[in-house]
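Examination of the molecular architecture
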Amino acid sequence: MFQTSLTDSAAGIPEASQQQWTFNSSSITGRQMEMGPVRLMMWINIGVCLPLTILVICCVCCVVRRDQVPVIYYTNLLISNLIQMCTIIIIVAKPDDHETYMMSFVIYYFGVLASLYFKMCIALERCFFITRPLLDCMRQTRGSMLVCILVWALCVISVPVAAVLRHFLRVFIFILIPVFLFVSCFAATLNALNVASSVPTKEKRRIVATLILLLLNYFLMILPAIIELTFEFHPYYIVRDIVFILFLLSPFMDLILFLFMRKGPTDKLLACLCCCNMDNTAAGHQCD
């Protein structure tokens with residue numbers, strides 16, 4: 001997704017050829033790529049987030065019970081993040097082979113799209129847990145595996161076709177689809193909280209926290225990068241650096257997501273936040 005931040009740093013790559021693979025080809029100069037904070041953040045992803053992601057995948061597969069969290073969706077989300085970080089290694093290495101360099105960006109787009117759609121699956125599953133508790137097709141192993149296969153198939157078909165035909169705007173449209181779903185899931189979950197008496201209060205807090213984290217991840221980290229890559233609203237490098245650094249922080253947010261979906265680690269924190277919110281609301285009513 002930060003391809004426009006990197007393409008000018010590939011020495012010897014013709015500009016016309018770059019434009020066939022990218023939205024724009026003049027975001028950041030080679031010097032900024034070598035010295036800028038975006039490259040530093042890429043190294044942090046490789047050195048910190050990559051091993052942590054592998055560790056969390058092992059933890060999810062070995063420790064967490066399947067009936068506690070949407071394990072299959074979350075595991076696939078982490079696998080898609082691994083794909084992104086592995087291609088970042090190739091991008092940072094800047095291979096001399098132009099085809100390898102450009103292909104790494106296509107694979108990166110593939111990982112980004114898959115990651116986004118698995119977040120959408122998690123949001124749907126958490127929402128249905130509150131609003132449609134009897135509709136457990138997305139929580140069953142067979143149903144969740146079928147959904148994951150469909151997501152991978154969609155990404156495998158759409159991204160390479162867009163790369164070959166140079167129609168990345170279609171990928172941009174695919175990435176905009178989750179906007180309505182994330183907002184709808186969050187709104188529907190809030191409306192159904194009082195009705196869902198069979199769901200424990202702690203579970204409700206974890207579900208709401210998970211949806212809020214997914215919303216923040218998308219609107220603060222993913223969507224600004226998509227808009228910047230497509231339209232280049234900000235001609236200043238510092239603004240682009242901030243946008244792409246926030247985007248590169250998205251895999252770290254996905255690791256935090258694991259804590260909000262599990263029983264135990266964040267229950268006390270969420271309980272304290274809810275109590276503070278209730279106290280503030282009661283104080284406001286008294287003042288009125």
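Scroll up a little and you will see the structure.
Report follows, based on the coordinates. (Residues numbered from 1 in each chain as written. Predicted model: local features only at pLDDT ≥ 70, side-chain atom pairs only at ≥ 80, totals over all residues. Heavy atoms only, no water.)

**Here's the deal with the overall build of the protein chain**
Secondary structure summary: the protein chain contains twelve helices and zero strands in total. Secondary structure of the protein chain in N-to-C order comes out as α-α-α-α-α-α-α-α-α-α-α-α. Taken across its 288 residues, the protein chain has 49% of its residues classed as buried. In the protein chain, once contacts between residues fewer than 6 apart in sequence are set aside, the share between residues at least 24 apart is 77%. If you sum the accessible surface of the protein chain, you get close to 14,200 Å²; carbon and sulfur atoms cover 69% of it. (Helix = DSSP H or I, 4+ residues; strand = E, 2+ residues; numbered from the N terminus. Buried < 20%, exposed > 50% of the residue type's maximum accessible area, 1.4 Å probe, protein only. Contact = heavy atoms within 4.5 Å. Areas by Shrake-Rupley, 256 points an atom, 1.4 Å probe, with all protein chains shown as cover.)

**Thoughts on the packing of helix α5 (residues 98-131) against helix α11 (residues 250-261)**
Two elements in contact, α5 and α11, have axes whose closest approach is 13 Å; the angle formed by their N-to-C orientations is 20°. As the angle between them shows, α5 and α11 are arranged roughly parallel. Classified by chirality, the crossing of α11 by α5 is left-handed. Taken together, the residues of α11 that come into contact with α5 (itself represented by S115, K119 and I122) are S250, D254, L257 and M261. Class assignment of the residues belonging to the contact of α5 with α11 gives a composition of three nonpolar, two polar and two charged. (Axes fitted to C-alpha atoms, helices over the stretch in contact; angles between N-to-C directions. Parallel < 35°, antiparallel > 145°, perpendicular 65-115°, else oblique. Left-handed = near helix turned anticlockwise from the far one by under 90°. Nonpolar A, V, L, I, M, F, W, Y, C, P; charged D, E, K, R; others polar.)

**Some remarks on the environment of I157**
For I157, the position within the fold is in helix α6 (residues 141-165). Residues I157 and F110 lie 47 residues apart in sequence; the distance between their C-alpha atoms is 9.5 Å.

**Comments concerning the packing of helix α4 (residues 71-93) against α11**
The geometry of α4 relative to α11 is characterised by a closest axis approach of 10 Å and an angle of 165° between their N-to-C directions. Between α4 and α11, the crossing angle belongs to the class labelled roughly antiparallel. In the packing of α4 onto α11, the handedness of the crossing is left-handed. Residues Y74, L77, L78 and N81 of α4 pack against P251, D254, L255, L257, F258 and M261 of α11. Its residues assigned to classes, the contact of α4 with α11 comprises eight nonpolar, one polar and one charged.

**Overview of helix α8 (residues 178-192)**
With 15 residues, α8 extends 21 Å between its outermost C-alpha atoms, agreeing within 8% with the 21 Å of an ideal straight helix rising 1.5 Å per residue. For α8, every residue scored as buried is listed here: P178, V179, L181, F182, C185, T189 and A192. (Expected span 1.5 Å × (residues − 1).)

Honestly, that's just the spatial picture; any functional story needs more than this.
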